[in-house]
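In case you want the letters, here they are:
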Amino acid sequence: MASSFLLTGVVLSPLQLPLLLIFLLLPSSLEVSLGGGGTPLYNQDDKILILNSKNFQPNICSSSKAWVVEFYSSWCGHCIHFAPTFKEFATDVFAWRDVISVAAIDCAMEENMPTCREYEVMGYPILKFFTPNTPTGDMGIERLSKDNTVPAIKKDMIEFITDLQLKKFEKAGQHWPSVSLVPASVNGLEILHIWDQNPTMAVLLIEEAYSTMGSEVILDLSGTLTKLKVPLVMAKIEINAESDQLLQKLTVSHKPSLVAISRDSILEVFPLVAATRIGWNVAIKDFILRKSSELSLNNQMLADLSQKKPEDSLYVQPLKSEAQKIETRKKLINRRYKVFTSDLEKAVIYSISHEVAQHSSISGHTLQSLLQYVTVLEKFFPARIEMSVFLRDLHSWVNMHQDTIRGEDLSSWMESYQGRHGIRASKDWVGCRGSEDQFGGYPCGLWSVWHALTINQANLAEGDPKEVMNAMKSFIQEFFGCRDCARHFDQAIEGGKALDEIENYNDAVLLLWKTHNRANFRLAGDISEDPVFPKLVFPSKEFCSGCYGALTGTNLWDEFDRIKVVEFLKNLYSKEKLSSQGLTSDTTADGHALAVAPLAQIDGNFEHLDVSNFKKKENSTSFVFFNGADISICFLLWFVSALLLLLIYLKFIAGKKFSNSHFFSNLKRKTSMNPLLGKV
């Protein structure tokens with residue numbers, strides 16, 4: 001009777017056991033995406049310099065001009081929402097580029113992560129101002145205002161430049177900027193220092209204190225006037241007690257106003273000019289053209305001045321909306337009503353390798369939040385054996401650090417683990433794939449991870465019912481890059497008070513479901529919403545009519561039969577219900593195969609192994625509690641035992657039968673008949 005081995009409920013024959021052990025000892029190929037970002041939100045047509053890890057410091061550091069840089073993530077909903085505003089802003093101030101330019105860097109791109117970590121970017125979007133001649137290692141000046149309108153950003157930009165001029169920032173250089181945004185000092189009828197650069201004429205931009213229109217006009221024209229070397233200076237005059245006597249002499253009848261002067265006379269007052277940015281731009285250019293002979297401008301200079309450059313336009317064309325597509329029912333089901341293991345794994349790995357590792361230093365409460373996160377992942381993530389081993393090793397590595405983890409060290413550990421165990425990046429999401437790259441992706445995958453964790457804990461009925469939601473709260477607060485999203489999540493759970501109402505596992509499942517539905521309700525119709533897969537109440541009546549009760553309402557709670565909702569969610573997120581699409585063998589160019597051959601094969605320098613025989617449900621948790629040393633010892637003991645049994649068999653059983661065989665009898669007979677035997 002053949003012997004067998006019973007491990008965790010799995011019966012294996014003596015031939016199957018070594019094969020399984022060999023499989024566990026060899027590196028496995030867990031092929032999932034490490035990238036969570038979508039398509040970059042900007043391109044060169046947006047009047048924005050696209051930065052990356054290679055060109056960031058060459059452009060920003062030691063530059064002769066100032067910069068405003070947006071650090072963003074292409075998957076971040078708030079960044080997507082802000083992108084049209086930032087494009088409009090960049091176009092609006094493009095004429096100022098000799099003084100200050102606009103740039104952006106996508107921190108969702110893996111290659112840009114070290115730069116974003118170096119500049120201590122912990123959330124998105126963030127705007128930072130950099131001075132001219134910024135030294136390497138300077139973190140820049142973060143814009144703290146939450147008013148992300150174009151006028152508000154321009155106002156902060158002008159204040160940044162003005163402050164540098166007021167402080168006489170020496171590192172900026174003597175010739176930056178070529179114009180002054182600081183209001184001119186007035187003493188009686190005299191404007192101090194206005195003729196220091198020996199201009200022929202001056203244009204006074206008279207406005208109320210703290211108005212930015214004069215500064216905007218000065219910056220609009222600064223590049224052209226500097227390039228053409230027009231001997232004209234523009235100066236701001238604030239309306240206050242010090243300038244009152246001067247304004248009376250200039251016979252200014254309305255305010256704000258434009259007045260052109262020479263050293264000894266008033267050249268022109270512009271009573272009919274509209275007190276707008278465009279009106280003042282046109283009036284000043286027209287004045288220069290009319291005074292071209294006094295300003296010594298040649299025909300080429302006049303042509304350059306009068307030419308309207310498209311990139312300097314003050315108008316921004318509205319984006320044209322494209323016709324919305326309508327997806328098929330099959331794709332809708334894949335997008336909303338099917339959960340894919342590959343998406344869950346990709347979201348987890350991205351959250352660790354990017355969101356967490358983005359932090360330069362992880363300590364204190366942030367480290368405790370990370371430990372909470374990796375703990376619930378190890379305990380409740382519906383993992384295949386390869387992912388279980390990874391999460392166990394990750395938890396052990398994090399737990400080794402009692403005080404601080406450097407983000408750089410975590411990145412190095414992930415890269416090393418990837419090299420040893422074959423964690424490969426793939427390009428596409430499956431269920432979380434949006435109609436365009438900026439939709440769906442990582443946020444969708446992360447929501448799915450938390451749903452899967454609450455459901456799996458409920459199925460296992462283990463641990464504190466609040467454990468997953470507490471870990472989620474801490475992770476979102478400390479690590480989720482979209483800070484506006486994190487703020488809304490904190491509001492939705494009432495700063496954590498909603499978690500106090502969790503008494504059992506189903507309560508946790510329902511609280512997360514309710515919070516997710518409220519997020520969808522809030523974002524419905526937002527620019528960050530996928531137009532092909534609009535955000536709707538989940539689940540819809542079409543896919544779960546039994547989830548709705550007799551009551552009607554819109555509070556996303558009373559109208560539902562919550563017992564049926566829990567059943568629906570368990571049917572969707574339970575481990576045995578997850579789809580393996582994206583993990584199985586695929587011969588298409590976009591496929592990401594986990595098992596591609598029945599036996600180990602060498603493809604380049606990487607080894608692929610068929611693990612399909614070890615992915616059945618009853619085997620899914622086998623050997624998870626063994627580490628590499630345990631498995632090696634087991635294999636060694638099995639091999640030694642098998643060798644001893646073989647030697648015993650040959651010695652005591654097979655040896656006797658073999659010596660009494662017909663072949664040996666004939667051989668002995670022939671040997672005894674040899675006449676030379678014994679005579680040599």
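Since the structure is predicted, the reported quantities are computational estimates derived from the model, not experimental observations.

What counts, and where the lines are drawn
- Every residue gets a number counted from 1 within its own chain, in the order that chain's sequence is written.
- For a predicted model such as this one, the threshold for reporting local features is a pLDDT of at least 70, and the threshold for listing and counting side-chain atom pairs is 80 or more; totals across whole chains, interfaces and linings nevertheless cover every residue.
- Calculated side-chain values reflect all of the structure's heavy atoms, with hydrogen atoms and water omitted.
- Note on conventions: DSSP H or I runs of at least 4 residues are helices, E runs of at least 2 residues are strands, and numbering of each starts at the N terminus.
- Partly exposed describes any residue whose relative accessible area lies between the buried limit of under 20% and the exposed limit of over 50%, with all areas from a 1.4 Å probe on protein chains only and scaled to the type maximum.
- Throughout, a contact is declared for two residues whenever any of their heavy atoms are within 4.5 Å.
- All accessibility values rest on the Shrake-Rupley procedure with a 1.4 Å probe; residue burial counts only the protein chains present in the view.
- Being paired, for any two strands, means DSSP has found at least two bridges between them.
- In this description, a line fitted to the C-alpha atoms serves as the axis of each element, helices being fitted only across the stretch in contact, and the angle between N-to-C directions of two axes falls anywhere from 0 to 180 degrees.
- When two cysteine sulfur atoms are found within 2.5 Å, that pair is recorded as a disulfide.
- By definition, a salt bridge exists where a carboxyl oxygen of Asp or Glu is found within 4 Å of a side-chain nitrogen of Lys or Arg.
- A 3.5 Å cut-off defines polar contacts: any pair of N or O atoms within that distance qualifies, except that in protein one atom must be a possible hydrogen donor and the other a possible acceptor, and neighbouring residues in sequence count only when both atoms are side-chain atoms.
- For our purposes a nonpolar core is just a set of buried Ala, Val, Leu, Ile, Met, Phe, Trp, Tyr and Cys residues, chained together by side-chain atoms within 4.5 Å.
- For Phe, Tyr and Trp, where Trp contributes only its six-membered ring, two rings pair if their centres lie within 6.5 Å, and the inter-plane angle classes them as stacked under 30 degrees, edge-to-face over 60, or tilted in between.
- Whether a charge sits over a ring depends on NZ of Lys or CZ of Arg being within 6 Å of the ring centre and within 35 degrees of the ring normal.
- For every residue, the predictor assigns a confidence score, pLDDT, that lies between 0 and 100.
- Between the first and last residue of a helix there are one fewer steps than residues, each counted as 1.5 Å, and that sum is the expected span.
- Two axes enter the definition of the bend at a residue: one is fitted to the seven residues ending there, the other to the seven starting there, and the bend is the angle between them.
- Patch construction takes residues with relative accessible area above 30% that form no salt bridge. Like charges are linked within 9 Å, and nonpolar side chains (Val, Leu, Ile, Met, Phe, Trp, Tyr) are linked within 5 Å.
- Asp and Glu are treated as the negative residues and Lys and Arg as the positive ones, with His and the ends of the chain left uncounted.
- Note that the charge is assigned to NZ on lysines, CZ on arginines, CG on aspartates and CD on glutamates.

## Observations regarding the overall build of the protein
Thought 1: Scanning the protein from N- to C-terminus turns up 21 helices and 17 strands.
Thought 2: Residues counted as buried form 47% of the 680 residues belonging to the protein.
Thought 3: Taking as baseline every contact in the protein between residues at least 6 positions apart, the subset at least 24 positions apart corresponds to 73%.
Thought 4: For the protein, the exposed surface amounts to about 34800 Å²; the carbon and sulfur share of it is 55%.

## Regarding the sheet that holds strand E10 (residues 201–207)
Thought 1: Read from one edge to the other, the open sheet built from four strands follows the order E11-E10-E12-E13, with strand pairing classed as mixed. Sheet topology places strand E11 (232–238) and strand E13 (266–269) at the edges, where each strand pairs with a single neighbour. Within the sheet, the average angular offset between the axes of one strand and its neighbour, ignoring direction, is 25 degrees.
Thought 2: Here E10 pairs with strand E12 (residues 257–261) via five bridges, running antiparallel. Considered in E12, the bridge of Leu204 is made with Val259.
Thought 3: Of the strands in this sheet, E10 and E11 are in contact with helix H6 (residues 213–228), which crosses E11 at around 170 degrees.

## Notes on the state of the cysteines
A covalent bond between the sulfur atoms of two cysteines is referred to as a disulfide.
Thought 1: This model, assessed by the stated rule, comprises four disulfides.
Thought 2: Here Cys76 stays free of any disulfide, with the sulfur of Cys79 as its closest cysteine sulfur at 3.1 Å.
Thought 3: Among the residues examined, Cys79 registers a relative accessible area of 0% and is labelled buried.

## Quick look at the pattern of salt bridges
Where charged atoms of side chains with opposite charge meet at close range, the side chains can pair.
Thought 1: The tally for this structure, following the rule as stated, stands at 18 salt bridges.
Thought 2: Where Glu216 meets Lys154, a salt bridge forms, and the shortest distance between an N and an O atom there is 3.2 Å. Highlighted residues: Glu216 in helix H6 and Lys154 in helix H5 (residues 150–166), separated in sequence by 62 residues.
Thought 3: In this structure Glu216 comes out as buried when scored by relative accessible area, which is 9%.
Thought 4: Given the relative accessible area of 8%, Lys154 is considered buried.
Thought 5: The network of salt bridges with shared partners includes Asp92, Lys154, Glu216, Asp220 and Arg277.

## A short note on the side chain of Asp220
Thought 1: In this fold, Asp220 is placed in helix H6.
Thought 2: Classification of Asp220 as buried rests on a relative accessible area of 9%.
Thought 3: A distance of 2.7 Å separates the side chain of Asp220 from the side chain of Arg277, its partner in a polar contact.

## Let's talk about the nonpolar core
Thought 1: By size, the foremost hydrophobic cluster in this structure holds 151 residues, and its most contacted members are Val69, Phe71, Phe381 and Trp450.
Thought 2: Broken down by element, the residue count for this core peaks at nine residues, all from helix H15 (residues 442–460).
Thought 3: Counting residues in each nonpolar core, the second largest holds 16 residues, with Val186, Ala235, Leu250 and Ile261 among its members.

## Regarding the packing of aromatic side chains
Thought 1: For the structure on display, the rule yields 31 aromatic pairs.
Thought 2: Taking 5.7 Å as the distance between ring centres and 40 degrees as the angle between the ring planes, the aromatic pair formed by Phe82 and Phe86 counts as tilted. Remark: Phe86 and Phe82 occur in helix H3 (residues 77–92); sequence separation between them is four residues, near one turn of the helix. Phe86 shares its class with Phe82; the two are buried.
Thought 3: Relative to Phe543, the ring of Tyr337 lies with its centre 4.0 Å away and its plane at 20 degrees, an arrangement referred to as stacked. Of this pair, Tyr337 sits in the loop between helix H10 (329–336) and helix H11 (341–356) while Phe543 sits in the loop between helix H18 (505–523) and helix H19 (562–573), and the two are 206 residues apart along the sequence.
Thought 4: Counting every residue linked through ring pairs, the aromatic cluster contains Tyr42, Tyr72, Phe82, Phe86 and Phe89.
Thought 5: One cation-aromatic arrangement involves Lys346 over Trp429; the distance from NZ or CZ to the ring centre is 4.4 Å.

## Some details on the confidence of the model for the protein
Note that predicted coordinates carrying low pLDDT should not be read in detail.
Thought 1: Here the protein averages 80 in pLDDT, and 76% of its residues register 70 or above.
Thought 2: Confidence drops under a pLDDT of 50 for residues 584–627, and excluding neighbours within four residues, the segment shows 78 contacts in the predicted structure.
Thought 3: In the predicted structure, residues 671–680 sits below a pLDDT of 50 and forms one contact with residues beyond four places in sequence or in another chain.

## Notes on H3
Thought 1: Along its 16 residues, H3 runs 24 Å from first to last C-alpha, staying within 8% of the 22 Å computed at 1.5 Å per residue.
Thought 2: Roughly 35 degrees is the biggest bend found in H3, and it falls at Ala83, with proline Pro84 one to four residues downstream.
Thought 3: Listed as buried for H3 are His78, Cys79, Ile80, Phe82, Ala83, Phe86, Phe89, Ala90, Thr91 and Asp92.
Thought 4: Next to the buried residues of H3 lie strand E4 (66–72), strand E5 (100–106), strand E6 (126–130), H5, helix H8 (277–290) and helix H17 (483–492).

## Describing a negative patch on the surface
Thought 1: A surface patch of like charges, here negative, comprises Glu494, Asp500, Glu501 and Glu503.
Thought 2: As for its placement among the helices and strands, Glu494 is situated in the loop between H17 and H18.

## Re helix H16 (residues 467–478)
Thought 1: Over its 12 residues, H16 extends 17 Å from the first C-alpha to the last, a length consistent with the 16 Å expected when each residue adds 1.5 Å.
Thought 2: With nine of 12 residues buried, H16 is to be regarded as a mostly interior element.
Thought 3: Among the residues of H16, Glu467, Val468, Met469, Ala471, Met472, Lys473, Ser474, Phe475 and Ile476 are the ones counted as buried.
Thought 4: In this fold, the buried residues of H16 make contact with H11, helix H12 (364–380), H15, H17 and H18.

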